[in-house]
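These are the residues of each chain, in order.
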Amino acid sequence: MVERAGAAKKRKETITIELKKEIIEKHDRGVRVVDLARMYNKSSSTICTILKKKEELKDLDVAKGVTRVTRQRPRVLDDVEKLLLVWISEKQSAGNTVSEAVICEKAKALYTDLLKKTLGTSSEDEEAFKASRGWVENFKKRTGIHSVVMHAEVVPEVQRFVSKFQRLLDSEGWLPQQVFSCVETRLFWKRMPKRTHITAEEEALPGHQPMKDRLTLLLCGNVSGSFKVKPLLVYHSENPRAFKQCKVQKNQLNVMWRADKKGWVTQTFFLEWINEVFGPSVKKYLLEGNLPLKVMLIVEDALAHPPGLEDNLLEEFKFIKVKFLPPNSTPVLRPMHPQVTSNFRKLYTKALFQRCLEVTRGTSLTLREFWRDHFHMVHCLNIIGKAWEGVTVRTLNSAWRKLWPDSVPEFGAEGLVPVQEETVVDDIVSLGKALGLEVDASDVQELVEEHDQEPATDELLDPHTEQQKGVEEIPSGEEERGEESLTSREIKEMCKKWEAVQSFVQNHHPNKAVAGRCMNLFNDKAMSPFREILKRRQRQVSLDRFLEKLAPKESSNPKLSEPEPGLSEAKRPRREPAPEIELPATLTEGDSPSKQ
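Residues numbered from 1 in each chain as written. Predicted model: local features only at pLDDT ≥ 70, side-chain atom pairs only at ≥ 80, totals over all residues. Heavy atoms only, no water.

**Side note on helix H21 (residues 441–450)**
Inspection of H21 places Asp443, Val444, Leu447, Val448 and Glu450 among the buried residues, and these make up the whole buried set. All buried residues of H21 lie within an arc of 160 degrees about the axis, which places them on one face of the element. (Buried < 20%, exposed > 50% of the residue type's maximum accessible area, 1.4 Å probe, protein only. Helix = DSSP H or I, 4+ residues; strand = E, 2+ residues; numbered from the N terminus. Arc of directions from axis to C-beta.)

Next up, the structure:
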């Protein structure tokens, strides 16, 4: 009996295919088996077993949390679960919660749509997936989305949180200037109202439609509305063509620029924003205002906000306290949503129409010409800055009336903000008519709500493909020159030094979890490019050696000693890249051609 009990305790721990692929990827980047075993708390034999099957595992494309692939599990179900997770992330980013019934209905709809895209499907195939309660429970366990699903006890939990939050503010003496909140919002940066002729023309054209191009903004401000933090912007392109045309330096932008193929705020981006933007700016704000150096940042329970967020803050920003809203409460309690985001989008539309009117009246360009050929990301960033600056103190402060009602004066508690928004809408309508556009208040409201629209199955399949079709990315010439100036020996010596540092930190750091996260982050972001350079050069050396073996040996006859034309190419110096074509100048703020 004792042996059986001991055997039960030593039950084999399953490893997800996602984690196995992560281990294989790190081993390919040069991480040793011993270090991987220590990093993932596994035995070396387990790591070796995974690496032996790496070719088989690399080819697998399964949903998150799946530990093994069986014949009973249809391949399309993996695609359904992956798209469903993307859809839930979209819902969560918008501050919405979903019930199990809604998840089941969406899963069945995705299953049907995907089957229709597959040839040879039948009605029996469509009915094979029932989206049962057991499947939902397993899906939740595999993906860890328990906090997204709505339950009946949400309202009492929200009330308890508000009461507890009020007591915390009173007992610790927090000021409205010290408490901040942030919100993510999606923005179709090049979209007009539906009834305008520009939108009708874009919808009629085949291929890429710029009006579908979307970015994500992280907006942040304090309760008093006296300080707005520099936003984080995530776009699908690292270097849009407009940046080179306008000689843009990213560190001088009015936003923190980051690139992700899906345009999402990731944990890495959010942490970088806190340490590089939020921390320094709020510290300066408090010191200049002679306020106590302590800050509370209220965030929602989202995928981009890991529970151990405070552990990853730099030492100089340990005065920041992170407070998480309870699960499923964001539609009720989130201070910045939807009031601030809605106001921001309206102000963006107003500033956009103003810019169009300035160009059409001050230059020879028509609205169609400016919109189609000259309006680009640099203009968009200028308009974003103007719109964020235009969000008033009253708008920011009144958004806290549910979570911290005592901090909201009378002017913010009752209907003054909606009146201000109506004024903005009237201004947009007037500007639209001045531009010759057919637009009214309902069109503006529809445009604002479109930013939160639910993505279709095609967009969930590859949300960045349509965006990338029309946006050409310019590689950085400095990065190419920097790679050529490094020798392989220098890179190898640097990698060895990094391995020594990594081993020392992992062995002696007091907090193994924090050390592991930092090492992984540095490995992925800083070291992987250098390892890729080494891999490319090793492949090139192998190819050169192969060609040398094929080349004929030297002979006393000078004619025979000449290398064959096709083989001598391997020894020739690399061809210099073609000179860059000078692009025509484009319109930027304060730089417009004179009207003829």
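**As for the environment of Arg133**
Looking at the secondary structure, you find Arg133 in helix H9 (residues 133–143). Overall, the relative accessible area of 67% leaves Arg133 in the exposed class. As a C-alpha pair, Arg133 and Ala101 span 32 residues in sequence and 9.1 Å in three-dimensional space.

**Some details on unusual backbone geometry**
Unlike most non-glycine residues, Asn41 shows phi in positive territory, near 55 degrees. Mapped onto the fold, Asn41 is located in the loop between helix H3 (33–40) and helix H4 (44–52). Judged by relative accessible area, Asn41 falls into the exposed class, the value being 69%. Of note in this structure, Asn290 is not a glycine but carries a positive phi near 55 degrees.

**Notes on the packing of helix H2 (residues 17–28) against H3**
Direction vectors running N to C along H2 and H3 enclose 145 degrees, while the axes themselves pass 10 Å from each other. The two elements H2 and H3 cross, and the hand of that crossing is right-handed. In contact with Leu19, Glu22, Ile23, Lys26 and His27 of H2, H3 contributes Val33, Leu36, Met39 and Tyr40. For the contact of H2 with H3, the residue count by class is six nonpolar, one polar and two charged. (Axes fitted to C-alpha atoms, helices over the stretch in contact; angles between N-to-C directions. Left-handed = near helix turned anticlockwise from the far one by under 90°. Contact = heavy atoms within 4.5 Å. Nonpolar A, V, L, I, M, F, W, Y, C, P; charged D, E, K, R; others polar.)

**Quick notes on the pairing of strand S3 (residues 232–235)**
A two-sided burial pattern is seen for S3, the buried positions comprising Leu232 and Val234 on one face and Leu233 and Tyr235 on the other. The pairing of strand S2 (residues 214–222) with S3 spans three bridges and is antiparallel. By the bridge assignment for S3, Leu218 is matched with Leu232. Pairing of S3 with strand S4 (residues 256–259), which is carried by four bridges, proceeds in the parallel orientation. Paired with Val234 across the bridge in S4 is Arg258. (Pairing = 2+ DSSP bridges.)

**As for the confidence of the model for the chain**
Of the residues in the chain, 68% have a pLDDT of 70 or more, and the chain-wide mean is 76. Note that residues 463–474 has pLDDT below 50 and, in this model, 28 contacts with residues that lie over four places away or in other chains. Here residues 553–596 is modelled with pLDDT under 50, and outside its nearest four sequence neighbours on either side it reaches 47 contacts, counting other chains as well. (pLDDT = per-residue confidence, 0-100.)

**Concerning the packing of aromatic side chains**
Summed over all chains, the structure comprises 13 aromatic pairs. For the pair Phe180 and Phe227, a centre-to-centre distance of 6.3 Å together with 85 degrees between the ring planes defines the contact as edge-to-face. Taken together, the positions of Phe180 in strand S1 (residues 179–188) and Phe227 in the loop between S2 and S3 put the pair 47 residues apart, joining distant regions of the chain. Here Phe180 and Phe227 have matching classes, each one buried. Through successive ring pairs, a cluster of aromatic residues spans Phe180, Phe227, Phe270, Trp273, Phe278 and Tyr285. The lysine or arginine in question, Lys228, covers the ring of Trp388, its NZ or CZ lying 5.6 Å from the ring centre. (Phe/Tyr/Trp six-rings, centres within 6.5 Å; stacked < 30°, edge-to-face > 60°. Lys NZ or Arg CZ within 6 Å of the ring centre and 35° of its normal.)

**Here's the deal with the side chain of Asn222**
Relative to the helices and strands, Asn222 resides in strand S2. Among the polar contacts made by the side chain of Asn222, one reaches the main-chain amide nitrogen of Phe227 at a distance of 3.2 Å. Once residues within four sequence positions are removed from consideration, Asn222 is found in contact with Pro176, Gln177, Val179, Phe180, Phe227, Tyr285 and Trp400. (Polar contact = N/O pair within 3.5 Å; in protein donor to acceptor, adjacent residues only side chain to side chain.)

**Concerning the nonpolar core**
Formed by 51 residues in total, the largest nonpolar core has its most connected members in Trp189, Leu215, Leu233, Tyr348, Met377, Leu381 and Ile384. Those elements giving two or more residues to this core turn out to be S1, S2, S3, helix H12 (241–245), helix H15 (339–362), helix H16 (367–374), helix H17 (377–390) and helix H20 (416–434). Listed in part, the 30 residues of the second largest apolar core include Cys220, Leu271, Val277 and Leu309. (Core = buried A, V, L, I, M, F, W, Y, C linked by side-chain atoms within 4.5 Å.)

**Focus on the sheet that holds strand S5 (residues 295–299)**
Within a sheet, neighbouring strands are paired by backbone hydrogen bonds and run either parallel or antiparallel to one another. Taken together, six strands build an open sheet; the order of strands is S4-S3-S2-S1-S5-S6 and the sheet is mixed. Two strands lie at the open edges of the sheet, namely S4 and strand S6 (320–324), each paired on one side alone. Neighbour-to-neighbour, the strand axes of this sheet turn through a mean angle of 25 degrees, independent of strand direction. Relative to S6, S5 is paired through five bridges, and the arrangement is parallel. Within S6, the position partnered with Ile298 by the bridge is Lys323. Contacting S1 and S2, H15 runs over the sheet at an angle of about 50 degrees to S1.

**Section: the packing of H15 against H21**
The geometry of H15 relative to H21 is characterised by a closest axis approach of 10 Å and an angle of 120 degrees between their N-to-C directions. On the basis of their axis angle, the class for H15 and H21 is oblique. Crossing geometry of H15 relative to H21 is assigned as right-handed. For the pair H15 and H21, the contacting residues are Ser342, Arg345, Lys346 and Thr349 in the first and Gln445, Leu447 and Val448 in the second. Its residues assigned to classes, the contact of H15 with H21 shows two nonpolar, three polar and two charged. (Parallel < 35°, antiparallel > 145°, perpendicular 65-115°, else oblique.)

**Structural notes on the pattern of salt bridges**
What the rule picks out here adds up to 15 salt bridges. Between Lys108 and Glu105 there is a salt bridge, with its nearest N and O atoms 3.6 Å apart. Of this pair, Lys108 and Glu105 both sit in helix H7 (residues 100–116), three residues apart, roughly one helical turn. The partner of Arg195 in a salt bridge is Glu438, with the nearest N and O atoms 3.0 Å apart. Separated by 243 residues along the polypeptide, Arg195 in the loop between S1 and helix H11 (197–204) and Glu438 in the loop between H20 and H21 bring together distant segments of the chain. A residue is classified by how much of its surface remains accessible, and Arg195, at 40% relative accessible area, is partly exposed. (Salt bridge = Lys/Arg side-chain N within 4 Å of Asp/Glu carboxyl O.)

**Focus: the environment of Glu202**
Within the fold, Glu202 resides in helix H11. With relative accessibility at 12%, the residue Glu202 sits in the buried group. Considering only alpha carbons, one finds Glu202 and Arg372, 170 residues apart in sequence, at a separation of 9.4 Å. Residue contacts for Glu202: discarding those within four places in its chain leaves Gln209, Pro210, Met211 and Trp371.

**With respect to H17**
Between its terminal C-alpha atoms H17 stretches 20 Å, which fits the 20 Å expected from 14 residues at 1.5 Å a residue. Along H17, the residues classified as buried are Met377, Val378, His379, Cys380, Leu381, Ile383, Ile384, Ala387 and Trp388. (Expected span 1.5 Å × (residues − 1).)

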